[in-house]
Amino acid sequence: MIDRALRLVPDEYASLTPRLITVTAAQALSQAAAYCLLVPVLEALFDGDTGMAWFWTAIMAVVVAVMGVLTFLQATLGLRIAVGMQLGLQTRLGDKLNALPLGWFETQNAAQLSRIVVDNVREIQGAVAYLTAKLITSVLVPLGVAVGMLFVDWRIAVAMLIAAPVLFAVNRLGNRAFLRADERTHVAAAEAETRVVEFAQAQPILRAFGAVGSGNRALDCALEAQKKAATRNVVSAVTGVIVFGLVVQAVFLALTYVVVGQVTGGTVSAAAAIALIAVSARFIEPLNQAAQIGNALRSASASVDGASDLLAEPVLPEHDSPVALGAPEVVFESVSFGYDAESPVVSDVSFTVAPGTTTAIVGPSGAGKTTLLRLVARYADVDSGSIRVGGHDVRTQPTETLLNQLSLVFQNVYLFDRSIAENIRVGRPDASDADIRWAGAIARVDEIADRLPDGYDSPVGEGGTTLSGGERQRVSIARALLKDAPIVLLDEATSALDPHSEAVVIRGIHELTKDKTVIVVAHRLATIAHADQILFLDGGRIVEHGTHDELLALGSRYAGFWNERARSRGWRLDSAPA
Ligand SMILES: Nc1ncnc2c1ncn2[C@@H]1O[C@H](COP(=O)(O)OP(=O)(O)OP(=O)(O)O)[C@@H](O)[C@H]1O
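Residues numbered from 1 in each chain as written. Predicted model: local features only at pLDDT ≥ 70, side-chain atom pairs only at ≥ 80, totals over all residues. Heavy atoms only, no water.

J.: Please set out the overall build of the protein residue by residue, giving values where relevant.
T.: Regarding its fold elements, the protein presents 21 helices and 10 strands. The C-alpha radius of gyration computed for the protein amounts to 35 Å, which surpasses the reference 25 Å derived for 578 residues by more than 25%, pointing to a less compact arrangement than a globule. Based on the C-alpha atoms only, the size of the protein along its principal axes is roughly 115 × 50 × 45 Å. For the protein, with 578 residues in total, the buried portion stands at 47%. Sequence separation of 24 or more characterises 78% of the internal contacts of the protein that already satisfy a separation of 6 or more. Distance between charge centres in the protein, computed from 47 positive and 59 negative side chains, equals 5 Å. (Helix = DSSP H or I, 4+ residues; strand = E, 2+ residues; numbered from the N terminus. Rg over C-alpha atoms; globule rule 2.2 N^0.38 Å. Buried < 20%, exposed > 50% of the residue type's maximum accessible area, 1.4 Å probe, protein only. Contact = heavy atoms within 4.5 Å. Lys, Arg positive; Asp, Glu negative; His and termini not counted. Charge placed at Lys NZ, Arg CZ, Asp CG, Glu CD.)

So, in structure tokens, the structure goes:
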């Protein structure tokens, strides 16, 4: 576990780790030497040899002083590693999250990510900086004492050298059960966190459907499982510590018998015996500590796994060399893709979106329309075929270059818990206030800002919860307007907006898409009818493509889809807004 945790130490702090280990080892040996020096000091005192007593006390004082300096060095090194470890590991995890394909985030949940980046890092930090040092101390001090005893009485030294591995073996056995219980606790805690976040986020739906009780049940089960796992964990930890404590006392008693045996045998003086019993107590103490440190180290093991697994997640191959971009065209060539290898979602799809034209993708639910948009933005890489944007395969251009050419306006608009202005500025971080107001005016965000007390500086709440769905879309359109990318990927809203909001959003989108290359997953009949090209997708394949008139004349799938939609909405083409 320690070696895996040490591998997570950032490079710039890696050189400090051997220093910490060396200083800790030296500190532990000086501590052992100080304990051993008790024997000659006590012997001299009992013999009434004041000169020798002072001599050994002076040596002991020097050793204790060295030990003090080493303890100080050990503490400062540990602190430096702890701080560096936290910053460095969190930066590495942050960089990793930046490099992961966008599609990866759709399968993750916020609670587990936050647990890895915050809680796991804290545990690993503690394991590397403090627990490693404590573990070294608790091994080297008894070992040093036992070796030191060789110079006093070899039989006692041998008894100590036998006792130490016995104690470690008992400790190891006792902790196996704890380790299993601890793993179960980590799993149960992660599950409970996920359920708590889900329960909070699903409140509107649970209440709307009167399902608060059933929503609670999933959470209650997770919390109950966590409670049981935690109880088992505590029971096995406490049992292990009690058993280990009893064995430690038994070993201490055995050592005392050995010492007393030497006194009665006449090989050790009574004064030395008292000193040896005191040293034996010191010998036992760090071993006792090792039990608790072992538990803490094992508990940190699950955290190391969490962070290591995240760091090992595969990223999409990245091309750093700059490319000379051509016209803003999007070309799909025999593209096939599936979220998992067994079930393709998109099969052999080929089409070209010429610069400055609009392509509408329509088709039944689950046909793969949104997936096509995601593949353009490289949420994931295609399984076969290729997608070219601006004349280059999306896989052979730097991600930044690709994303700079794209404005994404998807249905689930996420707003940061900051002001309206800052949320719009996400579109172009160097935009001036005037630019933000320009984009806000076109997308009619100014209407929203006007009614809020702090105007554009008003906070929008986590995820934009203080704004309506239509208002959030307006902010996201303002973002995209500010970015002014040549290609717009648009997932049209399926949910109904009130007539005013809808009219405003449509106007904003109209401005955003003017003279741009547009791929739109279209639901509004006006958008579909006025597109330069329509792709009818079913089961991941393009089954028909052409203009609205061509496809209506064909009288097949698209015509059926169109007539059904138009009938259900009482809509006629000549009434379509421009
Ligand atoms: N992140 C994902 N992981 C696994 N499967 C997914 C993922 N996203 C979508 N799918 C599956 O891929 C298929 C196509 O989904 P997609 O969202 O592209 O369809 P769609 O045509 O846009 O549907 P809708 O009109 O209902 O939004 C569906 O079967 C869906 O369950």
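J.: Which residues make up the site of the ligand, and what values go with them?
T.: Looking at the ligand, the residues that line it are E106, Y339, V345, P364, S365, G366, A367, G368, K369, T370, T371 and R374. The separation between an oxygen atom of the ligand and a polar main-chain atom of G368 is 3.0 Å. A distance of 3.2 Å separates a nitrogen atom of the ligand from a polar atom in the side chain of R374. Isolated, the ligand exposes 630 Å² of accessible area, and the fraction of that covered by the protein chains is 60%. Residue classes in the shell around the ligand are distributed as 4 nonpolar, 5 polar and 3 charged. (Near = heavy atom within 4 Å. Polar contact = N/O pair within 3.5 Å; in protein donor to acceptor, adjacent residues only side chain to side chain. Areas by Shrake-Rupley, 256 points an atom, 1.4 Å probe, with all protein chains shown as cover. Nonpolar A, V, L, I, M, F, W, Y, C, P; charged D, E, K, R; others polar.)

J.: Which residues make up the UniProt feature "transmembrane region" (unreviewed entry) in the protein, and what values go with them?
T.: Here, UniProt's "transmembrane region" (unreviewed entry) annotation points to residues 20–41, 53–73, 128–150, 156–174, 234–260 and 266–284. For the annotated span residues 20–41, helix accounts for 95% and strand for 0% of the residues, and the straight-line distance between the end C-alpha atoms is 31 Å. In residues 234–260, the share of helix is 100% and the share of strand is 0%. The end C-alpha atoms are 39 Å apart. (UniProt positions renumbered as here; feature names shortened; annotations may be inferred.)

J.: Just give me the short version of unusual backbone geometry, but keep the residues and values in it.
T.: With a phi close to 45 degrees, S334 is a non-glycine residue in the positive phi region. If you trace the backbone, S334 turns up in strand β1 (residues 330–337). Within the chain, D484 stands out as a residue other than glycine whose phi angle is a positive 55 degrees. Mapped onto the elements, D484 comes out in the loop between α17 (469–483) and β7 (487–491).

J.: How would you explain the packing of helix α3 (residues 16–36) against helix α4 (residues 38–47) if you had to name every residue and give the values?
T.: In the contact formed by α3 and α4, the axes pass within 4 Å of each other and the chain directions differ by 15 degrees. If you check the angle between α3 and α4, you find them roughly parallel. For the pair α3 and α4, contact is made by A34, Y35 and C36 and by L38, V39 and P40, respectively. Grouping the constituent residues of the contact of α3 with α4 by class yields 6 nonpolar, no polar and no charged. (Axes fitted to C-alpha atoms, helices over the stretch in contact; angles between N-to-C directions. Parallel < 35°, antiparallel > 145°, perpendicular 65-115°, else oblique.)

J.: Help me get a handle on the sheet that holds strand β10 (residues 541–546), residues and values and all.
T.: Pairing in this open sheet of 6 strands is mixed, and the strands run β6-β7-β8-β3-β9-β10 from one edge to the other. Pairing within the sheet leaves two strands with one partner each, and these edge strands are β6 (406–409) and β10. When strand polarity is set aside, the average angle formed by the axes of neighbouring strands in this sheet is 15 degrees. Direction of pairing for strand β3 (residues 358–362) relative to strand β9 (residues 533–538): parallel, over a ladder of 4 bridges. Note that in β9 the partner of V362 across the bridge is F536. (Pairing = 2+ DSSP bridges.)

J.: Quick rundown of the side chain of K516? Include the residues and the values.
T.: By secondary structure assignment, the location of K516 is in the loop between α18 (499–513) and β8 (517–521). Polar contacts involving the side chain of K516 include one to the side chain of D484, which spans 2.9 Å. Ignoring any residue separated from it by four or fewer positions in sequence, one finds K516 in contact with G356, T357, D484, A485, P486 and V488.

J.: Give a description of the sheet that holds strand β5 (residues 392–393) that names residues and reports values.
T.: If you trace the 4 strands from one edge of the open sheet to the other, you get β2-β1-β4-β5, paired in antiparallel fashion. Each edge of the open sheet is held by one strand with a lone partner, namely β2 (346–353) and β5. Here 5 bridges tie β1 to β2, and the two strands are oriented antiparallel to one another. Across the sheet, V331 pairs through a bridge with T352, a residue of β2. Strand contacts of helix α12 (residues 369–376): β1, β2 and β4 (384–389), with the helix running at about 115 degrees to β1, the strand carrying the most contacts.

J.: Help me get a handle on α17, residues and values and all.
T.: End to end, α17 covers 21 Å across 15 residues, agreeing with the expected 21 Å (1.5 Å per residue, within 8%). Of all 15 residues that make up α17, 12 are buried, and the element is covered over most of its length. Elements that come into contact with the buried residues of α17 comprise β6, α14 (420–425), α15 (433–442), α16 (445–451) and α18. Taken from the residues just after α17, D484 is the one with a positive phi, measuring 55 degrees. (Expected span 1.5 Å × (residues − 1).)

J.: So what's going on with the pairing of β1? Which residues, and what values?
T.: As paired strands, β1 and β4 are joined by 5 bridges and run antiparallel to one another. The partner of F332 across the bridge, within β4, is I387.

J.: Would you mind going over α4 in detail, with residue names and values included?
T.: When α4 is considered as a whole, its buried residues turn out to be V39, P40, V41, L42 and A44. Downstream of α4 by a residue or two, G48 has a phi angle that is positive, lying close to 75 degrees.

J.: So what about the packing of α15 against α17? Which residues, and what values?
T.: Following both chains from N to C, one finds α15 and α17 inclined at 125 degrees, their axes separated by 8 Å at the closest point. Relative to α17, α15 is oriented oblique. The element α15 and its partner α17 pack so that their crossing is right-handed. Note on element contacts: α17 touches α15 through A478, L481 and L482, opposite D435, I436, W438, A439, G440 and I442. Of the residues assigned to the contact of α15 with α17, the class counts are 7 nonpolar, 1 polar and 1 charged. (Left-handed = near helix turned anticlockwise from the far one by under 90°.)

J.: Tell me about the confidence of the model for the protein, and name the residues and values.
T.: Summarising the model, the protein shows a mean pLDDT of 85, and 93% of its residues fall at 70 or more. Per-element confidence in the protein is highest for β1, whose mean pLDDT is 97, and lowest for helix α9 (residues 203–208), whose mean pLDDT is 70. (pLDDT = per-residue confidence, 0-100.)

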